[in-house]
Amino acid sequence: MSQRGVPRDIHATGRLSILARITIAAGIALAISLLAWRARSLDTGGAVAATITGTLALLAGWRWGILLVAYFASASAISRFGAARKNARTAGVVAKGGARDALQVLANGGVFAVAAALALALPQHEQRWLALGIAALAASASDTWATEIGTLYGGAPHSILGWAPVPVGMSGGVTGIGLLAAIAGAAFIALSSLALGWPVRVALASVIGGVVGSTLDSVLGATLQQRRWCDRCNRATERAVHDCGTPTRPISGLAALNNDSVNLLCGLAGGLIALAITG
Ligand SMILES: [Zn+2]
C-alpha cells in the first residue's frame, strides 16, 4: 500500500536509514565511552553522559564526533600528565580528580551537545551552531590546559583579581604559564576545527570565545564561586569532603556556583561570544 501516493518501501527505507544512523552513532559513542571508562577517564555516570553527548555529535556529522574525541582525548591526556606531581602540589584543594563524572561531562560537553542538536534541527544555520559548539569546547579546553599546565609549571598562583597569593589549584588563581596554556588550549580546538575543514572565521571566533570564557571562569572562581574550609587541616578547598575525610564547610561564594556550574556557564559564555562574532 502507499501513503499519499508514495510507495511504502520508500517510507520504510527512510525510517530504516534514520534508525540505522542513530544505531551506528550510539554504537560508536558507546564504544569510545567504554574505552574511556576502562581507562578510568570516565566513571559510570560519566560514560553514560559521554555516550549521549557523542551520539548527538555523530548524528550532527562525523566531524562533530571527531572534534569531541579530539577535545576529550587531549583533556584526559593533559590531566594524566604529571598527575602525581599535580596531586602533591594541589594537596586536596581541587574539587574533583581522576575519572570524570556525569556532571563534569555535561559541564564541559553540554553546550557542544546542544549545538550539535541545533545543527541537526536547523541545518540551514550550521555556521552559528558550529561557532557555539566549537567555542564552548575551546573554553573548556582553555580552562583545562591552564589549570593542568599552570599547576605543573606555573609556580605560585595569584588571584586574577587583586593579585593576592592563592593556594595551588584554587579556582581564580592564575599564573603566566597558565595564561599561555589557556590560549594554547583554545587554539588547539580551533586548529582542530580548521583541520576538519570548518571555516576560518568560526575558528578565530572560537579562540576569542574560548579564552574569554576561561578568563571568566577564573574571575568567577575568584569571586562568586563557592569556597570551603577543612577545619581539621585548616586549609581552603573546593571539595565537599576533604582528602583527610573531614566534611568541609562553606566560607564564601554562592552554593549554586561550584566547579561544574561555573564550567558550564563559561562554556556557554564562550559559545555565545563566538556566535555573536560570526553573526
Ligand atoms: Zn582536611
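Keep in mind the model is a prediction, meaning the values are calculated, not measured.

Asker: Which parts of the structure should I look at to understand the overall build of the chain?
Answerer: Assigned secondary structure in the chain consists of 9 helices and 7 strands. A globule of 279 residues ought to have a C-alpha radius of gyration of about 19 Å, and the chain, at 20 Å, matches this closely. Seen along its three principal axes, the alpha-carbon backbone of the chain occupies a region of about 75 × 40 × 30 Å. By the burial criterion, 46% of the 279 residues in the chain qualify as buried. Within the chain, contacts between residues separated by at least 24 positions form 71% of all contacts whose residues are at least 6 apart in sequence.

Asker: Explanation requested: unusual backbone geometry in the structure shown.
Answerer: Positioned with a positive phi, arginine 40 is a non-glycine residue whose angle comes to about 60°. Along the chain, arginine 40 turns up in the loop between α1 (8–38) and α2 (44–60). Owing to 12 C-beta atoms within 10 Å, arginine 40 belongs among the exposed residues under this scheme.

Asker: How should I be thinking about the nonpolar core in this particular structure?
Answerer: By size, the foremost hydrophobic cluster in this structure holds 64 residues, and its most contacted members are Ala135 and Ala138. Elements with a minimum of two residues in this core: α1, α2, α3 (62–80), α5 (102–121), α6 (126–153), α7 (176–195), α8 (200–222) and α9 (259–278). The element contributing the most residues to this core is α6, with 14 residues. If near-sequence neighbours (up to four positions away) are discounted, alanine 138 is found in contact with Ala186, Ile189, Ala190, Ser206, Val207, Gly209, Gly210 and Gly270.

Cut-offs and rules
- Residues numbered from 1 in each chain as written.
- Predicted model: local features only at pLDDT ≥ 70, side-chain atom pairs only at ≥ 80, totals over all residues.
- Helix = DSSP H or I, 4+ residues; strand = E, 2+ residues; numbered from the N terminus.
- Rg over C-alpha atoms; globule rule 2.2 N^0.38 Å.
- Buried ≥ 20, exposed ≤ 12 C-beta atoms within 10 Å, placed from the backbone.
- Contact = placed C-beta atoms within 7 Å.
- Core = buried A, V, L, I, M, F, W, Y, C linked by C-beta atoms within 7 Å.

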